[in-house]
Amino acid sequence: MRYRMTFAIGLAVGYVLGSRAGRERYEQIKRTAQRVADNPRVQQAAGVVGAQASRLAGMARSRVGGTLQDKIPFLGDKGHPDAGTGWPEEDLAERRTRETGIPY
């Protein structure tokens, strides 16, 4: 409850200060943010961070993937009979079609 109240107060203060600053200040902040985003150094740093995040996500997926696939069947690989989108109806229909040859 305390954190919600702090957040609400911060939101209210930010709104009041932002509305007092006006449209001109907003446009100034927007132009500055655009210049920073267009900076080649910032874009390069963002690319490096994105590549590292992707690499770390791949490592985490490879380490945790096997245990999650055992606990959650629809996360399995394509060879697993329960592989699919995670929607039980689709998995059941696909399995019945494979087993009987009759589309459901």
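Residues numbered from 1 in each chain as written. Predicted model: local features only at pLDDT ≥ 70, side-chain atom pairs only at ≥ 80, totals over all residues. Heavy atoms only, no water.

Turning to the overall build of the chain, a few remarks are in order. Of the regular secondary structure elements, the chain holds three helices and zero strands. Going from the N terminus to the C terminus, the chain shows its helices and strands as α-α-α. The buried share of the chain, taken over its 104 residues, is 4%. Approximately 9,300 Å² of the chain is accessible, and the part contributed by carbon and sulfur atoms is 61%. (Helix = DSSP H or I, 4+ residues; strand = E, 2+ residues; numbered from the N terminus. Buried < 20%, exposed > 50% of the residue type's maximum accessible area, 1.4 Å probe, protein only. Areas by Shrake-Rupley, 256 points an atom, 1.4 Å probe, with all protein chains shown as cover.)

Attention now moves to helix H1 (residues 2–38). Compared with the 54 Å implied by 1.5 Å per residue over 37 residues, the 39 Å span of H1 between its first and last C-alpha is markedly short. At Gly22, H1 is deflected by roughly 100 degrees, the largest bend along its length. (Expected span 1.5 Å × (residues − 1). Bend = angle between axes of the 7 residues up to and from the residue.)

On to the confidence of the model for the chain. Residue-level pLDDT values for the chain average 77, and 71% of them are 70 or greater. Predicted confidence in the chain is weakest over helix H3 (residues 88–100), with a mean pLDDT of 68, and strongest over H1, with 84. (pLDDT = per-residue confidence, 0-100.)

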